[in-house]
Amino acid sequence: MRASLLVAALGLAAALGLTTACDRTVMIHRTIAARAGEYLVPEHLQGFALDAHTPRVWSFRDGFDRGLVVKTDEGLVVIDPFSRETATRLKAALSAQFPGVPVRLMIYSHHHLDHVRGGAVLEAREILAHEKCAAAWKDFPVDDIAPPTRTISGDETLNIGGVEIRMLYLGRSHSDTLYAFHLPGERLAYTPDLAFKRAFPPGGMPDYYTPGFLAALKRVDALDFDTFVPSHFDAGTHADYSEFSVFFHDVNARATAEVAARGWPRDAAAGEALFLAIYEPMRERYRDWHGFAEMAMPTLIRQITGAALGY
């Protein structure tokens, strides 16, 4: 165990520019990459399916991606097509489950490319997104994002075919275009890239501003819901959502306190000590979570750099 911690500490030191041991760093990265497929799509999530959550709400699971489908009296509401391949599989699943029912509305939860591509195949009558999404997409060479027919900038409450969908704008959190979705009549929350059920986020949760992200976690946790549907991995309960929120606040608090006490590490020994001070108590609490072995290190690197640099 001590050896594995030293390897993790070496990875932290390499990421912070504190070592030139490139061969060992490459070995670490290869080990992580070799397990990435198993981490992203564990055996029980392989394939794709429509999972029912309430009489009106399903999620379409394609590997570890999970978009929301709401059946209203005016047609279907789909949140996030993810990719052309996923959207094509989703269209076939919708045709089988809801023959003849059109997609009334498609919503982009935020601008990130892994959530928004390929949606044109769903032939939605209306497409909704935050007003900043289009500007972000212009910076990338993609041509398979169906453009929004309407944009919004803050909270929005939709009443479509007997279903209330509250869109909660989460500000500068995971991007500055992110929405969470609360369906009070269904007692359900869909939280794209905000929280996961007992799982470490991919890449240590890329693209987040820590103060805004922590505030977003608290805002959604205060809502009244029973069913928690994340955009990746398994669905769960409000208690599962709250557990992730506690985890993220806990790791951030530990990283912030250790960086404040020790300062920015100036050599490998200091980097190892900083890493272990956060890693060891985290391991005791979260080692049985999915992806701990693969994503504990990038999670801590991101928390440490965010605490040190102010983001």
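Cut-offs and rules
- Residues numbered from 1 in each chain as written.
- Predicted model: local features only at pLDDT ≥ 70, side-chain atom pairs only at ≥ 80, totals over all residues.
- Heavy atoms only, no water.
- Helix = DSSP H or I, 4+ residues; strand = E, 2+ residues; numbered from the N terminus.
- Buried < 20%, exposed > 50% of the residue type's maximum accessible area, 1.4 Å probe, protein only.
- Contact = heavy atoms within 4.5 Å.
- Areas by Shrake-Rupley, 256 points an atom, 1.4 Å probe, with all protein chains shown as cover.
- Core = buried A, V, L, I, M, F, W, Y, C linked by side-chain atoms within 4.5 Å.
- Salt bridge = Lys/Arg side-chain N within 4 Å of Asp/Glu carboxyl O.
- Pairing = 2+ DSSP bridges.
- Polar contact = N/O pair within 3.5 Å; in protein donor to acceptor, adjacent residues only side chain to side chain.
- Axes fitted to C-alpha atoms, helices over the stretch in contact; angles between N-to-C directions.
- Parallel < 35°, antiparallel > 145°, perpendicular 65-115°, else oblique.
- Left-handed = near helix turned anticlockwise from the far one by under 90°.
- Nonpolar A, V, L, I, M, F, W, Y, C, P; charged D, E, K, R; others polar.

*Asks:* Provide a residue-level description of the overall build of the chain, including the pertinent values.
*Replies:* Secondary structure assignment for the chain yields nine helices and 13 strands. The buried share of the chain, reckoned over its 311 residues, is 52%. Here the analysis covers contacts within the chain between residues at least 6 apart in sequence; of these, 63% occur between residues at least 24 apart. Of the accessible surface of the chain, which amounts to about 13300 Å², a share of 53% is contributed by carbon and sulfur atoms.

*Asks:* Could you give me a rundown of the nonpolar core, with the residues and numbers involved?
*Replies:* If you look at the biggest cluster of nonpolar residues, it comprises 45 residues, and the most contacted ones within it are Phe200 and Leu217. Breaking this core down by element, the ones donating at least two residues are helix H6 (210-221), helix H7 (238-262), helix H8 (268-286) and helix H9 (292-309). Ignoring sequence-local partners within four residues, the contact set of Leu217 consists of Leu194, Ala195, Tyr241, Phe244, Ser245, Phe248 and His249.

*Asks:* An account of the pattern of salt bridges is requested, with residue identities and associated values reported.
*Replies:* Between side chains of opposite charge, pairing is possible as soon as their charged atoms come close. For the structure on display, the rule yields 23 salt bridges. Across the pair Asp51 and Arg61 runs a salt bridge whose closest N-O atoms are separated by 3.4 Å. Taken together, the residues span a long stretch of sequence, with Asp51 in strand S1 (residues 48-52) and Arg61 in strand S2 (residues 57-62) at a distance of ten residues. What makes Asp51 partly exposed here is its relative accessible area of 22%. Residue classification places Arg61 among the buried positions, given a relative accessible area of 11%. The closest approach of N and O atoms between Arg219 and Asp155, which form a salt bridge, is 2.6 Å. Of this pair, Arg219 sits in helix H6 while Asp155 is found in the loop between strand S7 (150-152) and strand S8 (156-160), placing the two residues 64 residues apart along the sequence. Taking the relative accessible area as the measure of exposure, Asp155 reaches 43% and is therefore partly exposed. Linked by salt bridges that have partners in common, Glu74, Arg104, Glu126, Arg150 and Glu156 make up one network.

*Asks:* Give me unusual backbone geometry: which residues, what numbers.
*Replies:* Phi is positive for Glu123, close to 55°, though the residue is something other than glycine. Along the chain, Glu123 falls in the loop between helix H4 (113-116) and strand S6 (126-130). One non-glycine residue with positive phi stands out, namely Asp193, at about 55°. The topology assignment puts Asp193 in the loop between strand S11 (188-191) and H6. Exposure remark for Asp193: the relative accessible area of 6% places this residue in the buried category.

*Asks:* Could you give me a rundown of the sheet that holds S8, with the residues and numbers involved?
*Replies:* Across the sheet, which stays open at both edges, the six strands sit in the order S8-S9-S10-S11-S12-S13 with mixed pairing between neighbours. The sheet terminates laterally at S8 and strand S13 (236-237), the two strands that pair on one side only. With two bridges connecting them, strand S12 (residues 227-230) and S13 associate as antiparallel partners. Each bridged residue has a counterpart across the sheet, and for Phe228 the counterpart in S13 is Gly236.

*Asks:* Provide a residue-level description of the side chain of His110, including the pertinent values.
*Replies:* Examined against the element boundaries, His110 turns out to sit in the loop between strand S5 (103-107) and H4. Polar contacts involving the side chain of His110 include one to the side chain of His112, which spans 3.2 Å.

*Asks:* Any chance you could break down the packing of H6 against H7 for me, citing the residues and the numbers?
*Replies:* Put simply, H6 and H7 touch, their axes get as near as 10 Å, and they point 155° apart. With respect to H7, the axis of H6 lies roughly antiparallel. Here the hand of the crossing between H6 and H7 comes out left-handed. Where H6 approaches H7, its residues Thr210, Phe213, Leu214, Ala216, Leu217, Lys218, Val220 and Asp221 are matched on the opposing element by His238, Tyr241, Ser242, Phe244, Ser245, Phe248, His249 and Asn252. For the contact of H6 with H7, the residue count by class is eight nonpolar, six polar and two charged.

*Asks:* Please set out the sheet that holds S7 residue by residue, giving values where relevant.
*Replies:* The seven strands lie next to each other as S1-S2-S3-S4-S5-S6-S7, forming an open sheet whose pairing is mixed. Across the chains shown, the open sheet's two edge strands, defined by having one partner strand only, are S1 and S7. Across the sheet, the axes of successive neighbouring strands diverge by a mean angle of 20°, strand direction being ignored. Pairing between S5 and S6: three bridges, direction parallel. Among the inter-strand pairings, Leu105 is bridged to a residue of S6, identified as Glu126. In the packing of helix H3 (residues 84-97) onto the sheet, contacts are made with S1, S2, strand S3 (65-72), strand S4 (75-79) and S5, and the angle to S2 comes to roughly 140°.

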